[in-house]
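Next come the chains, spelled out residue by residue.
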Amino acid sequence: MSTEENPAAAPRSLAEALRGRDDVSLAALLRSRPDLITPVPTDLTQLATRAGTRASVVRALERLDRFTLQTAQALAIASDPAAYDELLGLMAGDDGDPAVSAALPHALGTLRAQALVWGGDDRLRLVRTARELLAPSPQHPSPTGLGPTVREAGAGMSPGRIQELLATAGLPSTHDSVSALNALAGLFDDPERMSALLDQAPSESVEVLERLVWGPPYGQVTADPAPRLRWLLDRGLLLPTAPGTVVLPREVALRLRAGRAHRTTEPVPPPVEAAAAHRPQMVDATAAGQAYTALATVEELLKDWHEGGPAVLRAGGLSVRDLKRTAVALDVPEPVAAFWVELAYAAGLLASDGEADERYAATPAYDEWRERPAGERWARLVTAWLAATRTPGLVGERDAKDRTLSALGPGLDRSAAPEVRHRVLALLAGLPEGAAPDAGSLLARLRWERPPRADRTGGGAPSPYARRTPAQAAEGTRGVAARAGGSGAPGYPADGASGAGGEDDLRSRLARWTLAEAEMLGVTGRGALSSHGRALIGAPPAPRHADTRTEPAGPGDKLPVHHRQTPVPPALSPAEQATAAAAAGRLLDPLLPEPLDHVLLQADLTAVAPGPLERPLADMLGVLADVESKGGATVYRFTPASVRRALDAGQSAADLHAFLAAHSRTPVPQPLAYLIDDVARRHGHLRVGAASSYVRCDDDAVLNEILADRRAAGLGLRRLAPTVLAARTDPAALLEGLRAMGFAPAAESAEGDVLIARADAYRTPPRTPPEPVPDGPPVPDDTLLAAAIRAVRAGDLASTAPRKPVAGAADTAPGELPRTTAAETLAGLQAAVLTNDTLWIGYVNAEGGASQRVIAPIRVEGGFVTAYDHTADEVRTYPLHRITGVAELAE
């Protein structure tokens, strides 16, 4: 039994409470709050101190669910220490709420496990920093809407005024203000006397209290308050806090609220409702189609940047113009194009080349990726998507310096993105198979699991001291302005998102983007999680839904599935995620369409691919024809330019005829055969070489035609022989010029052979994918946790072990390093070797770091002591000159 559960050994501090925990409990604490282990604390006292720092407490509070946070807020306004019954009354009210009573032990256990609360049920203590953050004050109001206590609000009042309040309330006068305020607080805490006092209140005064009871508790009064206000002020039901400002004391508000600290408590997470139910086979088929489209889109993007993509902006990223061009090439909206570009970048398939004229291009990893099976390629994309902290949805917005955020540029990292993506998919996995979620209920669940900042601190409202408008002053109570105070507690920084809403707004947007991106990647189909999507996050198979509807439900028609939801799967480690992604890819493979080895040629110079084509066929057809339309079937169009492109790539007319005949399920149309023969007949009829450059042709009439053409004036042509023309331009420019004039020249080598003008694929040097920005320190693994706990306990043993005083040594306070002279140190170590005693030593390592150790000396020789170190649980050797002192441990 821990000291927190044993009244006879009640802890007096958080350090003592931690000292009473077992290793499993300490490991759970360090796993939930990994910042406490970076670096490893020397002992449990240091661990407790670190757990109470503002940054660590703020981070821990941010990760509480709504009900656990409400429990902490209730403890912040309760007595210090508070009994469990008092906390239960604040949460469940005087009437009691069974759901709250059932959920409160778990919430309190969570706060204890995370070292935010310590002490037994009869003495619950919220750590001081958490109380400072959550307790209400004029600058930092609490979401409870409560104000200060009578003692806090009356601390600045004159003694005479306090005695007047006692007399008006019918209480005997006292000799000092402290006892007077205690007597007034006792009146408000007494249900019978408080009810009698309120029964005497005029209805107008009761209306004032009702306006303030749920907060904000502050209001303003004029120098001459109305009678309804004067009645409340005379009896202490409203107390002045500043000139013209009054507050409703906490005790009065709680009495009017029937003891509740919150207007609404949420002990149970809101269910994720299903908006529609589909057949699982339809969901998987739809998702597989989207997955195939995702693979094709990434390939098309990098094929478009095959010879070097757009330039990198000076500040980094893709220009708006280049993003628009990419969107047009992919035939998608610009935000969707930004998503595909960022996805390829996150997967390591796309990067900048690092040259002086820096451009984006595919990486060598892209060539390897293309050769993998479709399931493996999809698994790599979705694994990168799940872990990426870069957020494409922010592209086009403004950062804190009013600069536009660009695709592939800086400023897109949001550390919360991986967590939100996993949570969204995990909640979808909790629905029955084939069920698509209602987005509103999904966002409500996420907000319960991670409440917005306003729910944590009550921030965002105007100051309580803001003056009322004339209309407000003339209304009702003439001076009570129900306005909250403060703008949120410091220490809760925004995530850095542009625009209003900061972190809280960003998390909701991340959830919406996750739903859209999962659909585009084929993780979901028709909004429902697919079978391979479940495998991707390690979720078990979902239960079947009893409702057999296959059409989306109408507005407001939600399927009652929350009571059948499965447990949400936990987050996976990187190794587990890779294994799950591979399994998901294997599930996806059978659902993808089989590549085809044929096309359908048509008489209008087009070819129809009724499905995905095998890679060699698709590559060759991409050279021989231009893509005219995409969709369920891809339409290719043959043009003179496309045929010439194939001939420039080294193909002959016979090769093209044989290729089409081998891969067409229909006869090769005569117009297409004529087109190939006509272009091939003219292809290479002209030869361009390097003199500066020259043109030669066996038909001098063709050369005469070129010389007579005005468009050839810029080429600087002159006749060298009846069949040869020389030019001032280089061969490449001469080739382009003649092609622009309608000719079909071919380049030739110095030996007169035709050169194959095949464009080489441009690749960047090897690049690593971008590293996700961590959301705080990484969660330690079991090995690190075990080593850290052993070190902390050993250090705690060294710091807390009682020791005997050393004669002649400087007196040290408990926990300080012992200080002895070199002779005393040597004598103490030698005596311990003879008597097998255990010593406490102070030691300074080579880097100057001081530590305390408990050792059992084995031998002392040559200026070194060899001893069993209880702190490290191993035998070590220490130089004597680095030992600052020794002390014997008490019996």
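The rules we used
- Residues numbered from 1 in each chain as written.
- Predicted model: local features only at pLDDT ≥ 70, side-chain atom pairs only at ≥ 80, totals over all residues.
- Heavy atoms only, no water.
- Core = buried A, V, L, I, M, F, W, Y, C linked by side-chain atoms within 4.5 Å.
- Buried < 20%, exposed > 50% of the residue type's maximum accessible area, 1.4 Å probe, protein only.
- Helix = DSSP H or I, 4+ residues; strand = E, 2+ residues; numbered from the N terminus.
- Contact = heavy atoms within 4.5 Å.
- Salt bridge = Lys/Arg side-chain N within 4 Å of Asp/Glu carboxyl O.
- pLDDT = per-residue confidence, 0-100.
- Pairing = 2+ DSSP bridges.
- Axes fitted to C-alpha atoms, helices over the stretch in contact; angles between N-to-C directions.
- Parallel < 35°, antiparallel > 145°, perpendicular 65-115°, else oblique.
- Nonpolar A, V, L, I, M, F, W, Y, C, P; charged D, E, K, R; others polar.
- Arc of directions from axis to C-beta.
- Polar contact = N/O pair within 3.5 Å; in protein donor to acceptor, adjacent residues only side chain to side chain.
- 1 Å grid on protein atoms, 1.4 Å probe; cavity = no way out; pocket = protein on both sides within 12 Å on 5 of 7 lines; lining within 4 Å.
- Points joined across faces, edges and corners; volume = space filled by probe spheres on them.
- Phe/Tyr/Trp six-rings, centres within 6.5 Å; stacked < 30°, edge-to-face > 60°.
- Lys NZ or Arg CZ within 6 Å of the ring centre and 35° of its normal.
- Expected span 1.5 Å × (residues − 1).

Focus on the nonpolar core
Then, number 1: Residues Leu75, Phe188, Leu237 and Leu238 are the most contacted members of the largest nonpolar core, which totals 92 residues.
Then, number 2: Among the elements that make up this core, the one with the highest residue count is helix α5 (residues 66-77) (7 residues).
Then, number 3: Apart from the residues lying within four places of it in its own chain, the contact partners of leucine 238 are Val208, Leu212, Leu229, Leu232, Leu233, Val246, Val247, Leu248 and Pro249.
Then, number 4: Of all hydrophobic cores here, the second largest spans 72 residues; its members include Ala294, Tyr360, Val424 and Val523.

Describing the pattern of salt bridges
Then, number 1: Per the stated rule, a full pass over the model turns up 31 salt bridges.
Then, number 2: When the shortest N-O distance is used, the salt bridge between arginine 763 and aspartate 367 registers 2.7 Å. A residue pair is termed long-range when its members are at least 10 positions apart, and arginine 763 in the loop between β20 (746-747) and α34 (782-800) and aspartate 367 in helix α19 (residues 364-370) qualify at 396 residues.
Then, number 3: By relative accessible area, which is 18% here, arginine 763 ends up buried.
Then, number 4: For aspartate 367, a relative accessible area of 30% puts it in the partly exposed group.
Then, number 5: A salt bridge links aspartate 626 to arginine 645, with the nearest nitrogen and oxygen atoms 2.9 Å apart. Of the two residues, aspartate 626 is situated in strand β14 (residues 626-629) and arginine 645 in helix α29 (residues 640-648); the sequence distance between them amounts to 19 residues.
Then, number 6: Look at aspartate 626 and you get partly exposed, because its relative accessible area is 30%.

Comments concerning the confidence of the model for the protein
Then, number 1: Confidence along the protein averages 82 in pLDDT terms, with 85% of residues attaining 70 or more.
Then, number 2: Within the model, pLDDT remains below 50 along residues 459-502, and this stretch shows 113 contacts once partners closer than five positions in the same chain are excluded.
Then, number 3: In this model, residues 545-566 is a region of pLDDT below 50 whose contacts with residues beyond four sequence positions or in other chains number 44 contacts.

Concerning the sheet that holds strand β12 (residues 600-602)
Then, number 1: On the basis of which strands lie adjacent, the open sheet formed by 4 strands has the order β12-β13-β15-β14 and antiparallel pairing. Two strands in the sheet have a free side with no partner beyond their single neighbour: β12 and β14. For this sheet the average axis-to-axis angle between neighbouring strands, irrespective of direction, equals 30°.

Examining the sheet that holds strand β23 (residues 864-869)
Then, number 1: Overall, antiparallel pairing links the 5 strands, which are arranged β24-β23-β22-β21-β25 in an open sheet. Looking at strand neighbours, the two that pair on one side only are β24 (874-879) and β25 (883-888), the edges of this open sheet. Strand-to-strand twist across the sheet, computed as the mean angle between neighbouring axes with direction ignored, equals 45°.
Then, number 2: Pairing geometry for β23 and β24, over 6 bridges, is antiparallel. Within β24, the position partnered with phenylalanine 864 by the bridge is proline 879.
Then, number 3: Relative to the sheet, helix α35 (residues 822-835) contacts β21 (839-844), β22 (850-861), β23 and β25, its axis offset from that of β22 by approximately 60°.

Focus: the packing of helix α16 (residues 280-304) against helix α20 (residues 374-387)
Then, number 1: At a minimum axis separation of 10 Å, α16 and α20 run at an interaxial angle of 80°. The angle between the axes of α16 and α20 places the two elements in the roughly perpendicular class. Mapping the contact onto sequence places Ala291, Leu295, Val298 and Glu299 in α16 and Ala374, Arg377, Trp378 and Leu381 in α20.
Then, number 2: Of the residues assigned to the contact of α16 with α20, the class counts are 6 nonpolar, no polar and 2 charged.

Comments concerning helix α3 (residues 44-51)
Then, number 1: Every buried residue of α3 is listed here: Leu44, Leu47, Ala48, Arg50 and Ala51. Along α3, the residues classed as buried sweep out an arc of 165° about the axis, all on the same side.
Then, number 2: If you check the start of α3, you find a side-chain oxygen 3.1 Å away from the backbone N of threonine 45, and it comes from aspartate 43.

Concerning empty space enclosed by the protein
Over the atoms a probe the size of a water molecule is rolled, and this reveals where empty space is left.
Then, number 1: Using the criterion set out here, one finds 3 cavities of 30 Å³ or more in the structure.
Then, number 2: By volume, the largest cavity is sized at about 80 Å³.
Then, number 3: Every residue along the wall of the largest cavity is listed here: Phe339, Glu342, Leu343, Ala346, Trp385, Ala388, Arg390, Pro392, Arg421 and Glu517.
Then, number 4: Looking at the lining of the largest cavity element by element, the count peaks at 4 residues for helix α18 (residues 334-346).
Then, number 5: Considering only residue class, the lining of the largest cavity consists of 6 nonpolar, no polar and 4 charged.

Quick look at the packing of aromatic side chains
Then, number 1: Evaluated as defined, the whole model comprises 4 aromatic pairs.
Then, number 2: The residue whose ring lies beneath arginine 377 is tryptophan 369, and the NZ or CZ to ring-centre distance is 5.5 Å.

Describing the pairing of strand β15 (residues 634-637)
Then, number 1: Pairing analysis gives 4 bridges linking strand β13 (residues 606-609) to β15, with the strands arranged antiparallel. Looking at the pairing, threonine 606 lines up with arginine 637 of β15.
Then, number 2: Sheet topology note: the β14/β15 ladder contains 3 bridges and is antiparallel. Residue pairing for β15: aspartate 626 is matched across the bridge by arginine 637.

Brief notes about the environment of tryptophan 448
Then, number 1: Following the sequence through the fold, tryptophan 448 ends up in helix α22 (residues 439-449).
Then, number 2: For tryptophan 448, a relative accessible area of 8% translates into the label buried.
Then, number 3: As a C-alpha pair, tryptophan 448 and leucine 64 span 384 residues in sequence and 9.2 Å in three-dimensional space.
Then, number 4: Look past the residues within four positions of tryptophan 448 in its chain and what remains in contact with it is Asp65, Arg66, Phe67, Glu266, Pro267, Val268, Pro269 and Pro270.

Focus on the side chain of threonine 363
Then, number 1: Considering the arrangement of structural elements, one finds threonine 363 in the loop between β8 (360-362) and α19.
Then, number 2: The exposure class of threonine 363 is buried, given its relative accessible area of 1%.
Then, number 3: Discounting chain neighbours no more than four positions away, the residues touching threonine 363 are Gly348, Leu349, Leu350, Ala351, Arg763, Thr764 and Arg767.

A look at helix α27 (residues 574-588)
Then, number 1: Between the first and last C-alpha of α27 there are 21 Å, a value that for 15 residues agrees with the 21 Å anticipated at 1.5 Å per step.
Then, number 2: Turning to α27, its buried residues number three or more, namely Gln577, Ala580, Ala581, Ala584, Gly585 and Leu588. Along the long axis of α27, the arc covered by the buried residues comes to 145°, so they all point the same way. With respect to the buried face of α27, the exposed residues turned more than 90 degrees away are Ala575, Thr579 and Arg586.
Then, number 3: Buried residues along α27 sit in contact with α16, α20 and α26 (531-536).

Here's the deal with unusual backbone geometry
Then, number 1: Omega for the peptide link from threonine 38 to proline 39 comes to -5°, which places this bond in the cis form.
Then, number 2: Mapped onto the elements of the fold, proline 39 is located in the loop between α2 (23-32) and α3.
Then, number 3: Here the residue pair aspartate 80 and proline 81 is connected by a cis peptide bond, since its omega of 5° sits within 30 degrees of zero.
Then, number 4: With respect to the element layout, proline 81 can be found in the loop between α5 and α6 (84-92).
Then, number 5: A positive phi angle is found at aspartate 331, which is not glycine, with a value near 60°.
Then, number 6: Turning to its location among the elements, aspartate 331 is positioned in the loop between α17 (320-330) and α18.
Then, number 7: Positive phi, close to 65°, is recorded for leucine 408, a residue that is not glycine.
Then, number 8: Turning to its location among the elements, leucine 408 is positioned in the loop between α20 and α21 (417-429).
Then, number 9: The buried category is assigned to leucine 408, whose relative accessible area is 8%.

Observations concerning the environment of aspartate 781
Then, number 1: With respect to the helices and strands, the residue aspartate 781 is situated in the loop between β20 and α34.
Then, number 2: Taking the relative accessible area as the measure of exposure, aspartate 781 reaches 47% and is therefore partly exposed.
Then, number 3: Through-space distance from the C-alpha of aspartate 781 to that of serine 573 is 9.7 Å; in sequence the pair is 208 residues apart.
Then, number 4: Polar side-chain contacts of aspartate 781 include one of 2.8 Å to the backbone nitrogen of leucine 784.

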